[in-house]
Amino acid sequence: MPFPNNHAPSAGAATVRHLPITFTGSGSEYFRIWIVNLLLLFVTLGLYWPWAKVRRLRYFWANTLVDGDPLGFHGEARQMFKGWVLVGVLFVLYNWASSFSAIAGLVAFVALAALWPALWRSSLAFRLGNTSWRGLRFRFVGSLRDAYLTQLPSFLAALPLVLLSFALPEDPDATPPAWWAGVFGGALLLFLLTLPWLFWRMKAYQHRHYSYAGLQTDFRAGLGAFYLIALKPLLVLLALVGLSMLYVGLRFAGGIAWDGVLWVLFRVLPMLFAGAGLLMFFVIGPWLTARLQNLVWTKTGNAQMRFISQLGFRRLLLLGFKNGLLIALTLGLYWPFAKVAVARLRLEAVHIRSVIDMEALAAAEHEQPGEAAGEAAGDLFGLDMGL
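Report on the accompanying structure.

Definitions and cut-offs
Residues numbered from 1 in each chain as written. Predicted model: local features only at pLDDT ≥ 70, side-chain atom pairs only at ≥ 80, totals over all residues. Heavy atoms only, no water. Helix = DSSP H or I, 4+ residues; strand = E, 2+ residues; numbered from the N terminus. Buried < 20%, exposed > 50% of the residue type's maximum accessible area, 1.4 Å probe, protein only. Contact = heavy atoms within 4.5 Å. Areas by Shrake-Rupley, 256 points an atom, 1.4 Å probe, with all protein chains shown as cover. Pairing = 2+ DSSP bridges. Phe/Tyr/Trp six-rings, centres within 6.5 Å; stacked < 30°, edge-to-face > 60°. Polar contact = N/O pair within 3.5 Å; in protein donor to acceptor, adjacent residues only side chain to side chain. Salt bridge = Lys/Arg side-chain N within 4 Å of Asp/Glu carboxyl O. Core = buried A, V, L, I, M, F, W, Y, C linked by side-chain atoms within 4.5 Å.

A count of helical and extended segments in the chain gives 11 helices and 12 strands. A buried classification covers 41% of the 387 residues belonging to the chain. Long-range pairs, those at least 24 residues apart, make up 76% of the contacts in the chain with a sequence separation of at least 6. Carbon and sulfur atoms provide 69% of the accessible area of the chain, an area that totals close to 20,700 Å².

Here you go:
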């Protein structure tokens, strides 16, 4: 099915063009930015975080070239600081209320959930409205109503887990009720099975509302594709949940002599759990990253242009092992080099297929008063959660 036209200028018999994306940053350059940010974060007890993020984003954006021209990031750290403080205060209040009483914690959870879609949309609007290419800013045009409709199922799926967590005894040494483990396991299983659907809803909302120079993207990935990708990680997660429930059941079983098969299970289960976790982090994680990037971005576009992603799992896997080894050997000092290497691999795996002259389109949009500023750039919250 073709992407919608979005009422953009007619492509006519325009030649298909492939706009490459290249990354010109280097690990040594970013290392200097990273180490200064780290020191200032330490000195200011973390308060420098928004300024550190602005420096990082400006560096990565300036070194991301689309068809030879760099992106620009125009966000202000002081504006981001206000949003950062707002989110921090909300989570502190939630944690305080949860420790005060179960009812207060539940009320705080509902209040946070009621605000979250607005904060999420604000983050998307802020990031896009402060990103430019060829002097013209992007926009995020998703409505607040659609943000709430998108996030509502996530809240409903998480609510049973929250309610069950408040049903635990306040004494950490007390044994939970006999029914608790089974009900919590069922609620967690249901939540895991709905994760691909929830993630698909979020990505559809995001990728259907990106706008540049009058062109708005659409998203053509179906729900079934997300479940096919999620099958392997879900099996690993379900195995982890099963091992956890079995381990907890054995731990809370009273009067059992830890010998024979039970003794072996008690000793082996933690190792199996750790092995599954390592498999998820080092192998399933890169595989999932590659598959999702290729699916999400290749299904994003419109009748005039669309993205094509061809990120290879093996290259990402080998790069992950290399980065992990060098980070460990250098006691973390290789981290900025690893970030640059991953950014280069993931960005250069994407290109844009266009049947219109994007440069001419941007130039024509510049002639319309007020358009180049980007209406979302002055978003009230100033949030940037990296979504």
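There's more to say after this.
On the basis of which strands lie adjacent, the open sheet formed by three strands has the order E6-E7-E8 and antiparallel pairing. One side of each edge strand has no neighbouring strand; the edge strands of this open sheet are strand E6 (139–140) and strand E8 (215–216). Bridge count between E6 and strand E7 (residues 210–212): two bridges; the pairing is antiparallel. The partner of Arg-139 across the bridge, within E7, is Ser-211.

Moving on to the pairing of strand E11 (residues 305–309). Counted residue by residue, E11 has four buried out of five residues, so it is predominantly covered. Both E11 and strand E12 (residues 350–354) contribute to a ladder of five bridges, which runs antiparallel. For Ile-308, the partnering residue across the bridge sits in E12 and is His-351.

Tracing the chain through its elements places Gly-186 in helix H6 (residues 180–207). Judged by relative accessible area, which is 39%, Gly-186 ranks as partly exposed. For the pair Gly-186 and Leu-161, spaced 25 residues apart in the sequence, the C-alpha separation amounts to 9.7 Å.

In this section: the packing of aromatic side chains. In the structure shown here, the tally under the stated rule is 22 aromatic pairs. Residues Trp-61 and Phe-73 carry aromatic rings whose centres are separated by 6.1 Å and whose planes lie at 70 degrees to one another, so their mutual orientation is edge-to-face. Placement of the pair is Trp-61 in helix H2 (residues 49–62) and Phe-73 in strand E3 (residues 69–73), with a sequence separation of 12 residues. There is no split in this pair, since Trp-61 and Phe-73 are both buried.

This next bit is on the side chain of Thr-194. Mapped onto the secondary structure, Thr-194 falls in helix H6. Residue classification places Thr-194 among the buried residues on the basis of a relative accessible area of 17%. A polar atom in the side chain of Thr-194 sits 2.8 Å from the backbone oxygen of Phe-191. Setting aside anything within four residues of it in sequence, one finds Thr-194 in contact with Ala-157 and Tyr-227.

What follows is about the pattern of salt bridges. For the coordinates displayed, the defined rule picks out six salt bridges. Two residues, Arg-145 and Asp-146, come together in a salt bridge whose shortest N-O distance is 3.4 Å. Three or more residues joined by partner-sharing salt bridges are found here, namely Arg-17, Asp-67, Asp-69 and Arg-134.

Let's shift gears to the nonpolar core. Membership of the largest hydrophobic core comes to 41 residues, with the highest contact counts inside it found for Tyr-30, Phe-60, Phe-73, Trp-133, Tyr-212 and Met-358. Setting aside residues no more than four positions away along its own chain, Met-358 makes contact with Arg-17, Leu-19, Trp-133, Arg-134, Tyr-212, Leu-215 and Met-305.

Further remarks concern unusual backbone geometry. Even without glycine at this site, Leu-45 takes up a positive phi of about 60 degrees. With respect to the helices and strands, the residue Leu-45 is situated in the loop between helix H1 (27–43) and H2. For Leu-331, which is not glycine, the phi dihedral falls at a positive 55 degrees. Of note, Leu-331 is situated in the loop between helix H9 (313–329) and helix H10 (335–348).

Once that is clear, we can look at the pairing of E3. Examined bridge by bridge, strand E2 (residues 64–66) and E3 share two bridges and lie antiparallel to one another. Each residue of the ladder has a partner; that of Val-66, found in E3, is Asp-69. Sheet analysis places E3 next to strand E4 (residues 131–133), joined by three bridges and oriented antiparallel. Opposite Phe-73, over in E4, you have Thr-131 as the bridge partner.

Right, let's talk about the environment of Phe-109 for a bit. Its place among the elements puts Phe-109 in helix H4 (residues 102–129). Sequence separation between Phe-109 and Phe-91 is 18 residues; the distance between their C-alpha atoms is 9.5 Å. Setting aside residues up to four positions removed in sequence, Phe-109 forms contacts with Tyr-94, Phe-155, Leu-159 and Val-162.

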